[in-house]
Amino acid sequence: MKAILSTAPGGPETLTIGDIEAPQPGPGEVRIRVQACGVNYPDTLIIEDKYQFRPERPFAPGGEVSGEIDALGEGVDALKLGDRVMALVSWGGMAEQVVTAATQCVVMPADMPFDEAAALIFTYGTSYHALKQRAAIAAGETLLVLGAAGGVGLSAVELGRAMGARVVAAASSESKVQLAKERGAQVGLIYPRGPFDKAGTKALSTQFKEAVGADGADVIYDAVGGDYAEASLRAVAWKGRFLVVGFPAGIPSIPLNLALLKGCQIVGVFWGAFTKREQAENAQNNKELLEFYKQGKIRPHVSQRFSLSDAGQAISELAERRAMGKVVVTID
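Residues numbered from 1 in each chain as written. Predicted model: local features only at pLDDT ≥ 70, side-chain atom pairs only at ≥ 80, totals over all residues. Heavy atoms only, no water.

What about the side chain of Asp115?
Okay, step 1: On the secondary structure map, Asp115 appears in helix H2 (residues 114-117).
Okay, step 2: Leave out the neighbours within four places in its chain, and Asp115 touches Ala36, Val302, Arg305 and Val328. (Helix = DSSP H or I, 4+ residues; strand = E, 2+ residues; numbered from the N terminus. Contact = heavy atoms within 4.5 Å.)

Considering the nonpolar core
Okay, step 1: With 45 residues, the main nonpolar core has Met86, Leu131, Leu143, Leu159, Tyr221 and Leu243 as its most contacted residues.
Okay, step 2: Considering each element in turn, this core owes the most residues, 6 residues, to helix H3 (residues 121-134).
Okay, step 3: Once you skip the residues sitting within four places of it in the chain, Leu243 turns out to touch Ala130, Leu131, Arg134, Ala135, Val219, Ile220, Tyr221, Asp222, Val267 and Val269.
Okay, step 4: One finds Val65, Val85, Leu308 and Ala323 within the second-largest nonpolar core, a separate group that totals 30 residues. (Core = buried A, V, L, I, M, F, W, Y, C linked by side-chain atoms within 4.5 Å. Buried < 20%, exposed > 50% of the residue type's maximum accessible area, 1.4 Å probe, protein only.)

A word on empty space enclosed by the protein
With a probe scaled to a water molecule rolled over the atoms, the places where space remains empty come into view.
Okay, step 1: Evaluated as defined, the whole model comprises 3 cavities of 30 Å³ or more.
Okay, step 2: Approximately 50 Å³ is the volume attributed to the largest cavity.
Okay, step 3: If you go around the largest cavity, you meet 14 residues; those closest to its centre are Tyr124, Gly151, Leu154, His301 and Lys326.
Okay, step 4: Of all the secondary structure elements, the ones that give two or more residues to the lining of the largest cavity are H3 and helix H4 (151-162).
Okay, step 5: In terms of residues, the lining of the largest cavity owes the most to one element, H4, which gives 4 residues. (1 Å grid on protein atoms, 1.4 Å probe; cavity = no way out; pocket = protein on both sides within 12 Å on 5 of 7 lines; lining within 4 Å. Points joined across faces, edges and corners; volume = space filled by probe spheres on them.)

Some words on the state of the cysteines
Okay, step 1: Counting across every chain of the model gives 0 disulfides.
Okay, step 2: The structure places no disulfide on Cys37, whose sulfur is separated from the nearest cysteine sulfur, that of Cys105, by 14 Å.
Okay, step 3: The class of Cys37 is buried, set by a relative accessible area of 0%.
Okay, step 4: Accessibility expressed as a relative area gives 12% for Cys105, which makes it buried. (Disulfide = S-S within 2.5 Å.)

Digging into the sheet that holds strand E9 (residues 166-171)
Each strand in a sheet pairs with another by means of backbone hydrogen bonds, the pair being arranged parallel or else antiparallel.
Okay, step 1: Ordered by their spatial adjacency, 6 strands build an open sheet running E10-E9-E8-E11-E12-E13, and the pairing between neighbours is parallel. Only two strands of the sheet have a single partner each, and these edge strands are strand E10 (187-190) and strand E13 (265-268). Taking the axes of each pair of neighbouring strands and ignoring which way they run, one obtains an average angle of 20 degrees across the sheet.
Okay, step 2: Here E9 pairs with E10 via 4 bridges, running parallel. What sits directly across from Ala171, in E10, is Ile190.
Okay, step 3: Across the sheet, H4 touches strand E8 (142-146), E9 and strand E11 (217-222), and the angle it forms with E8 is around 165 degrees.
Okay, step 4: Docked against the sheet, helix H5 (residues 174-182) engages E9 and E10, running at close to 165 degrees with respect to E10. (Pairing = 2+ DSSP bridges. Axes fitted to C-alpha atoms, helices over the stretch in contact; angles between N-to-C directions.)

Read these as layout, nothing more, since geometry by itself doesn't imply function.
This is the structure we're talking about:
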């Protein structure tokens, strides 16, 4: 079968198209004939050996797919051949076929396109877990989203609005802020490119405070990191929750006296571990996300589609922070 392969540590330019043996499902597993693969931040890390998992090479990146089940492992009875599913696979998704645990699959709604299905479960799953389980966000609270036009950021905007929050979207350009507003944000702000010195951090914090209002942000969804983290934390409300989601701008150093002074919580969001450790709760989340989708409250914004042979370019779009919404690799 065809796959885009990482044969040595490096950036997207090191990926090559090649042929590898089709995988076979083991007990409790299914094989999916892949139709589309969503591109996510871990894909930029795993090919450089910077992710928490280091698969044996050669391997295909891609942890989120949609397609049709074409083989069943022993003991799988909840799914059948031909089922249209979206699934998590850790890696291997940028290929014609991939194997994953049956428990990591979600049956798609009949009218859902494959590209949207490959762009839903990772980003919306992360954001829903963050807002529901980790922040316990309530209707009427103010949510500040950093990186609001990226994959997880835009999903947080949509879900925050669907859950009744007042959403403030922060992004690096007018077009990105406008997209977030189109998806439900009531307020938007454009922040400058970092890194920042002390004066720059203070100015950025003032910008955040003005956007969220005098009472501060009840929940801050930080999918950016770097110097943006401290600046936004200074705009958190009393007893607010600061969600640690991702670090494309670098891992931040946060003065912990801010948490004391604000009486706030700094909360880690590790959705991948949640899906494995709390499977029943994750399954309920997925059920609720599909209901939001059917009601039209959420819909993945697929901004770019690439062929399998151009998958390296797709990862570059994300790595260089040009992507808006989701980038998807389609497999014919």
